[in-house]
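# Topology and contacts: notes
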Amino acid sequence: MAEVELRQRHVATPHVETASSTAPGNHGRKDDTIRRDVISLVIIFFVSICCVASAIYYLVVDDLAPAERAAIRFPTSLSVAQELGHALMTYSQHSPGRLLIAHGLTYLFLQTWAIPGTVFINLLGGALFGLLIGFPLCLIYNTVGSCFMYGLSKNFGGALVRRQFPTKLEQLHSMIDGHRGELTLYMIFLRVFPFTPNWFINMSSPHLSIPLRQFAPSVFVGLIPYNFLSCKAGLILSHLQSKSDIIDTETTIQLIVVAIAGFVLLPKLKKRFAN
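In this text the structure is predicted, and so the values were computed from the model without any measurement.

## Notes on unusual backbone geometry
Positioned with a positive phi, Ala114 is a non-glycine residue whose angle comes to about 55 degrees. Under the relative-accessibility criterion, Ala114 is labelled partly exposed at 32%.

What follows is the structure, given as structure tokens:
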């Protein structure tokens, strides 16, 4: 216990504005840092989207028939995902390798930049590749993409995150600060909870002294239910009526119960193993 408390005392806390840090000179330096970081992120974003779009065109779109090509677009809704799945079903049978790469690049791009739509990519993973292949691949893509976002935020997002989300950052810090000794487990249960804003956890983790070795397992394990259920729903993609069919109310309640049970049991587990 003493060792855990000692570690907690040395954990860095989020930057808090003080009188000296709000001086005009410091504000100017912060603005310059944010401006430089935003420019860097914009450049990286456009380079990455050009690379991903070019790869998808070369790997998949260029080989499709005109009618199939017309259906190729980012799956921003269930109906678009269904059209996309129907258009790519035949292609997945004779060129699965190319489609796998294109699917992975799309997933990594969306996850890295916290762009909504990964749930539809999961559906396509299940529909096009089956559960045995689609589920583990989507889980890996989700984890790697989250780590990419972690890295981008760590290198270019510190000042920006603190400027734009000071309250949320402080709230998340308060939540995890008492669980440094079992941080990985706590983060896992936090991600199992279906209403957790995973995009914000990915973005803020490097600024809350959450190391990558604890961050990555929390994504991989904590998002197993989400990835499994959405990939499984892809097996009946054409029959889905709405997003609520992907993860129904009963399943959502079960995930909430699991997450709450984990939060309740963590202190008891900590005390037991400490003794």
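Next, the rest of the story.
## Quick word on helix α12 (residues 212-222)
Among the residues of α12, those classed as buried are Gln214, Phe215, Ala216, Ser218, Val219 and Gly222. Where the residues of α12 are buried, they touch α7 (131-156), α10 (183-192), α11 (198-204) and α13 (224-234).

## Topic: helix α6 (residues 118-129)
When the terminal C-alpha atoms of α6 are compared, their 16 Å separation across 12 residues agrees well with the 16 Å that a helix rising 1.5 Å per residue should span. With respect to burial, α6 is a largely interior element, 12 of its 12 residues being buried. All of the buried residues in α6 are Thr118, Val119, Phe120, Ile121, Asn122, Leu123, Leu124, Gly125, Gly126, Ala127, Leu128 and Phe129. The secondary structure elements touched by the buried residues of α6 are α4 (78-94), α5 (96-112), α7 and α13. Looking at the residues trailing α6, positive phi occurs at Gly130, about 85 degrees.

## A word on the environment of Trp113
Inspection of the secondary structure assignment puts Trp113 in the loop between α5 and α6. The sequence separation of Trp113 and Leu41 amounts to 72 residues, and the corresponding C-alpha distance is 9.9 Å. Apart from the residues within four sequence positions on either side, Trp113 is in contact with Leu41, Ile44, Phe45, Ser48 and Leu152. At a separation of 3.4 Å, a polar atom in the side chain of Trp113 contacts the side chain of Ser48.

## Regarding the UniProt feature "transmembrane region" (unreviewed entry) in the chain
Under the local residue numbering, the UniProt record ascribes the feature "transmembrane region" (unreviewed entry) to residues 38-60, 99-121, 128-152, 183-203, 215-240 and 252-269. End-to-end, the C-alpha atoms of residues 38-60 are 32 Å apart, and along that stretch the chain is 96% helix and 0% strand. The span residues 215-240 carries 73% helix and 0% strand; its end-to-end C-alpha distance comes to 33 Å.

Calculation criteria
- Residues numbered from 1 in each chain as written.
- Predicted model: local features only at pLDDT ≥ 70, side-chain atom pairs only at ≥ 80, totals over all residues.
- Heavy atoms only, no water.
- Buried < 20%, exposed > 50% of the residue type's maximum accessible area, 1.4 Å probe, protein only.
- Helix = DSSP H or I, 4+ residues; strand = E, 2+ residues; numbered from the N terminus.
- Contact = heavy atoms within 4.5 Å.
- Expected span 1.5 Å × (residues − 1).
- Polar contact = N/O pair within 3.5 Å; in protein donor to acceptor, adjacent residues only side chain to side chain.
- UniProt positions renumbered as here; feature names shortened; annotations may be inferred.

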